[in-house]
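Structural description and commentary
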Amino acid sequence: VLASPVWRASNRQGFILTLFAAGLVAGGLTTATGAWLVSGLFQPVPLTVRSVALFVLAVVAALQDLGWIHLALPQASRQIPQTLFRRRLVSAALQFGFELGTGLRTYLPSALPYLLLSAVILFGQNPWLAAAAGAGFGLGRAMMPLVWYASKSAEWWDKQLMLRTRYLALTSAVAGIVCMATVVASAMVR
Amino acid sequence: MHKEFTEDDLDQGRHQRARQRLTDPAAPPLLLATCLVIAQVVSSDVLAWATFAGLAGYSLSGSV
């Protein structure tokens, strides 16, 4: 699963990873821009209705990430095709990063991105908040290959990730609920 | 047979352990959780959103 030819390329690995991260941020910003445009449609919906909807979604996302419920969430059930990597490494890294950054091109094993998208659509009328969400998503997604690269020990890192799966799911669940409570509280104060 | 360790071996071991602590897969969520606390303290909505989005992005670790 972690054997992407882009960030595992042996030569110029740091440079390629930087391009990959830039692509991820660009992809995240693109989806966030789309969600921000859609958010205008939800502005007339009363704040209470939006708040309750987001709270329910946060709880559902937490239960899904903890494995207590198993909803079939909409996702592109395919991997990014290998043909992409037959191109020049530079353009492949950018395109691969962009496609992953949009969050629309391949599997999404966590419910947190759905919650983030819902939050931007329901509460992201401020373009700066939407942009922060898009860039943050891309950077968060880039953290995995960057930290993996910095570890200088691929096998050790992959093993640790497997061992930390439960911890990551718990962190996602708690962070999702805390962050959505913050978003709602902040919107009510404004 | 006892293998004798030199100062260099010990230094290398220390560096490796430090690197492993800093690059543990659990480190990014801890860093982001710290950012979330800072966002609350300084009441920065932009930082809070970016941090939450970072966690959402990192939660996809392991999937391509």
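A short tour of the structure in this document, coming up. (Residues numbered from 1 in each chain as written. Chains lettered and ligands numbered in written order. Predicted model: local features only at pLDDT ≥ 70, side-chain atom pairs only at ≥ 80, totals over all residues. Heavy atoms only, no water.)

Remarks on the overall build of chain A
In terms of regular secondary structure, chain A is built from 7 helices and 0 strands. Going residue by residue from the N terminus, the α and β elements of chain A occur as α-α-α-α-α-α-α. The globule rule puts the C-alpha radius of gyration for 190 residues at 16 Å, and the 18 Å found for chain A is close to it. Oriented by its inertia axes, the alpha-carbon framework of chain A measures out at about 55 × 35 × 30 Å. (Helix = DSSP H or I, 4+ residues; strand = E, 2+ residues; numbered from the N terminus. Rg over C-alpha atoms; globule rule 2.2 N^0.38 Å.)

A look at the packing of aromatic side chains
Residues and elements named next belong to chain A. Overall, the coordinates contain 1 aromatic pair over all chains when judged by the stated rule. Its end group placed over the ring of phenylalanine 123, arginine 50 keeps NZ or CZ at 5.2 Å from the ring centre. Over the face of the ring belonging to tyrosine 149 we find lysine 152, whose NZ or CZ atom lies 4.8 Å from the ring centre. (Phe/Tyr/Trp six-rings, centres within 6.5 Å; stacked < 30°, edge-to-face > 60°. Lys NZ or Arg CZ within 6 Å of the ring centre and 35° of its normal.)

What to know about the environment of Ser43(B)
All names here are of chain B. Within the fold, serine 43 resides in the loop between α2 (27-41) and α3 (45-58). Classification of serine 43 by relative accessible area gives exposed; the value is 62%. It is 55 Å that separates the C-alpha atoms of serine 43 and glutamate 4, two residues lying 39 residues apart in sequence. (Buried < 20%, exposed > 50% of the residue type's maximum accessible area, 1.4 Å probe, protein only.)

Concerning the interface of chain A and chain B
On the side of chain B, 29 residues touch chain A, which itself brings 53 residues to the contact. In this assembly, chain A packs against chain B so that about 3,500 Å² is buried in total across both faces, 74% of it on carbon and sulfur atoms. Together, Leu129(A), Met143(A) and Trp156(A) form the three largest contributors to the area buried by chain A at its contact with chain B, with a combined 15%. Inspection of the chain A/chain B interface yields 1 salt bridge. The shortest N-O distance in the salt bridge between Asp24(B) and Arg164(A) comes to 2.6 Å. Listing elements by their share of the side of chain A that touches chain B, those giving two or more residues are α3 (89-102), α4 (112-123), α5 (127-151), α6 (154-163) and α7 (165-189) of chain A. Of the residues belonging to the side of chain A that touches chain B, the class tally is 35 nonpolar, 14 polar and 4 charged. (Contact = heavy atoms within 4.5 Å. Buried area = accessible area lost by both parts, 1.4 Å probe. Salt bridge = Lys/Arg side-chain N within 4 Å of Asp/Glu carboxyl O. Nonpolar A, V, L, I, M, F, W, Y, C, P; charged D, E, K, R; others polar.)

Observations concerning α3(B)
With 14 residues, α3(B) extends 20 Å between its outermost C-alpha atoms, agreeing within 8% with the 20 Å of an ideal straight helix rising 1.5 Å per residue. Among the residues of α3(B), those classed as buried are Ala48(B), Trp49(B), Thr51(B), Phe52(B), Ala53(B), Gly54(B), Leu55(B), Ala56(B), Gly57(B) and Tyr58(B). Those residues of α3(B) that are buried lie in contact with α4, α5, α6 and α7 of chain A together with α2 of chain B. (Expected span 1.5 Å × (residues − 1).)

Examining the packing of α7(A) against α2(B)
At a minimum axis separation of 11 Å, α7(A) and α2(B) run at an interaxial angle of 15 degrees. With respect to α2(B), the axis of α7(A) lies roughly parallel. The hand of the α7(A)/α2(B) crossing is left-handed. Every residue of α2(B) that contacts α7(A) at Tyr167(A), Leu168(A), Thr171(A), Val178(A), Cys179(A) and Thr182(A) is listed here: Pro29(B), Leu30(B), Leu36(B) and Gln40(B). Tallied by class, residues from the contact of α7(A) with α2(B) come to 7 nonpolar, 3 polar and no charged. (Axes fitted to C-alpha atoms, helices over the stretch in contact; angles between N-to-C directions. Parallel < 35°, antiparallel > 145°, perpendicular 65-115°, else oblique. Left-handed = near helix turned anticlockwise from the far one by under 90°.)

Observations regarding a nonpolar patch on the surface
A cluster of nonpolar side chains, namely Val37(B), Ile38(B), Val41(B) and Val42(B), defines an oily patch on the protein surface of about 380 Å² accessible area. Within the secondary structure, Val42(B) is located in the loop between α2 and α3. (Patch = residues over 30% accessible without salt bridge, like charges linked within 9 Å, V, L, I, M, F, W, Y side chains within 5 Å. Areas by Shrake-Rupley, 256 points an atom, 1.4 Å probe, with all protein chains shown as cover.)

Some remarks on the state of the cysteines
A complete count under the given rule lists 0 disulfides over all chains for this structure. Cys179(A) takes part in no disulfide bond, and the closest cysteine sulfur to it belongs to Cys35(B), at a distance of 11 Å. A relative accessible area of 24% means that Cys35(B) is categorised as partly exposed. (Disulfide = S-S within 2.5 Å.)

A closer look at α4(A)
Here α4(A) is 12 residues long and its end C-alpha atoms lie 16 Å apart, about the 16 Å a rise of 1.5 Å per residue gives. Counting buried positions along α4(A) gives 11 out of 12 residues, so the element sits mostly inside the fold. Within α4(A), the full set of buried residues consists of Leu112(A), Pro113(A), Tyr114(A), Leu115(A), Leu116(A), Ser118(A), Ala119(A), Val120(A), Ile121(A), Leu122(A) and Phe123(A). Elements in contact with the buried residues of α4(A): α1 (13-42), α2 (47-65), α5 and α7 of chain A together with α3 of chain B.

Thoughts on the nonpolar core
Counting 43 residues, the largest nonpolar core has Leu54(A), Leu115(A), Phe123(A), Trp157(A), Met180(A) and Trp49(B) as the members making the most contacts within it. Of all the secondary structure elements, the ones that give two or more residues to this core are α2, α4, α5, α6 and α7 of chain A together with α2 and α3 of chain B. In this structure Leu54(A) touches Leu115(A), Ser118(A), Ala119(A), Leu122(A), Phe123(A), Met180(A), Val183(A) and Val184(A), once residues within four positions along its chain are discounted. (Core = buried A, V, L, I, M, F, W, Y, C linked by side-chain atoms within 4.5 Å.)

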